[in-house]
Amino acid sequence: MSAASGALLAAVPARAAVKSAPGDMSLGDPKAPVHVVEYLSLSCSHCAHFHEDVFPAFRAKYIDTGKVYFTVRELLTAPAQVAAAGFLLARCNGGTRYFTILDQVFRSQGRWGSGQIKPIFLEIATQNGITEAQFDACLSDAKANDALSSRLEYATGVDKVTGTPTFFINGVMLQVGHTPTLAELDAAIAKALSKTGGRR
C-alpha cells in the first residue's frame, strides 16, 4: 500500500462504533475503513467451507490491500470440547501461529470420523513447533480455559451471537449462520464504505 493510499484510509472516520473484544485475533491494517468480525467455531463445517473456499480470495482482495481489518472471535459448537481444544491449541505459545493453526484444524475436519481427535491435533501442533508436552499444557492451562470462557460470555452476552458463522461489518450483524459468498461480502463492504466515505 502506498503512502498516499495509506493517508487516504487513515483519514476515513470509520469503525467508531466497533469496539475490541477480549482475545481478538486480527489480520490487516487496524486503520482500514472496514472492520469485518467473524464469529466461528472450529467444529463448524460451514466455517471450514468459508475459510477453505472464500477466505483466500477475500483476504487477497480486502485484507492484504488495506481495505479491511479482519477479526476472528470464538464460539463453540458441537462437539464443543473439540472446538475448545482447537482454539486452545491455536493460542498455544502466545498465538503466534493462530491463523495457520485455525486453517489446519478446519482442513482436518474430514478426518474426525474415527473419533481419535488428539492424534490429529497433536500432528498439527508438531507441524507448528509445539511439542506434545506443550500441547497438553496449553489444553489444561486454567488461565487459558478461563480466558476462553470469558470470550464465550462476551460472544453471547454482548454481541448476542447464537450461531456460526456470524459476521459483523462495521458493527452491523449479517445473517446468523449463513456462509457468505465473496459477492455477498463485496456488497456488504461496499455498503459499509458508502457510509464512511471510503473507496474500494
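Residues numbered from 1 in each chain as written. Predicted model: local features only at pLDDT ≥ 70, side-chain atom pairs only at ≥ 80, totals over all residues. Heavy atoms only, no water.

## Brief notes about helix α5 (residues 117-127)
What α5 keeps buried is the set Ile-117, Ile-120, Phe-121, Leu-122, Ile-124 and Ala-125. In this structure, the buried side of α5 is in contact with α3 (80-90), α4 (98-108) and α6 (132-140). Of the residues trailing α5, Gly-129 is marked for its positive phi of about 75 degrees. (Buried < 20%, exposed > 50% of the residue type's maximum accessible area, 1.4 Å probe, protein only. Helix = DSSP H or I, 4+ residues; strand = E, 2+ residues; numbered from the N terminus. Contact = heavy atoms within 4.5 Å.)

## Examining helix α2 (residues 45-63)
Given a rise of 1.5 Å per residue, 19 residues ought to cover 27 Å, yet the end C-alpha atoms of α2 are separated by just 23 Å, more than 12% below that figure. The largest bend in α2 is about 55 degrees, located at Val-54, with the proline Pro-56 one to four residues further on. In this structure, the buried residues of α2 make contact with β1 (25-27), β2 (34-40), β3 (68-74), α4, β4 (166-169) and α8 (182-196). (Expected span 1.5 Å × (residues − 1). Bend = angle between axes of the 7 residues up to and from the residue.)

## Comments concerning the side chain of His-51
Here His-51 lies in helix α2. For His-51, a relative accessible area of 9% gives the class buried.

## Re the packing of aromatic side chains
Applying the stated criterion to the full structure yields 9 aromatic pairs. Between the aromatic rings of Phe-50 and Phe-55, the centroid separation amounts to 6.3 Å while the plane-to-plane angle is 55 degrees, which identifies the pairing as tilted. The buried category is assigned to Phe-55, whose relative accessible area is 9%. With a centroid separation of 6.0 Å and 65 degrees between ring planes, the pair formed by Phe-58 and Phe-70 is classed as edge-to-face. With Phe-58 in helix α2 and Phe-70 in strand β3, this residue pair connects regions lying 12 residues apart in the sequence. In this structure, Phe-58 and Phe-70 share a single accessibility class: buried. Ring pairs connect the aromatic residues Phe-50, Phe-55, Phe-58, Tyr-62, Phe-70 and Phe-167, which therefore count as one cluster. (Phe/Tyr/Trp six-rings, centres within 6.5 Å; stacked < 30°, edge-to-face > 60°.)

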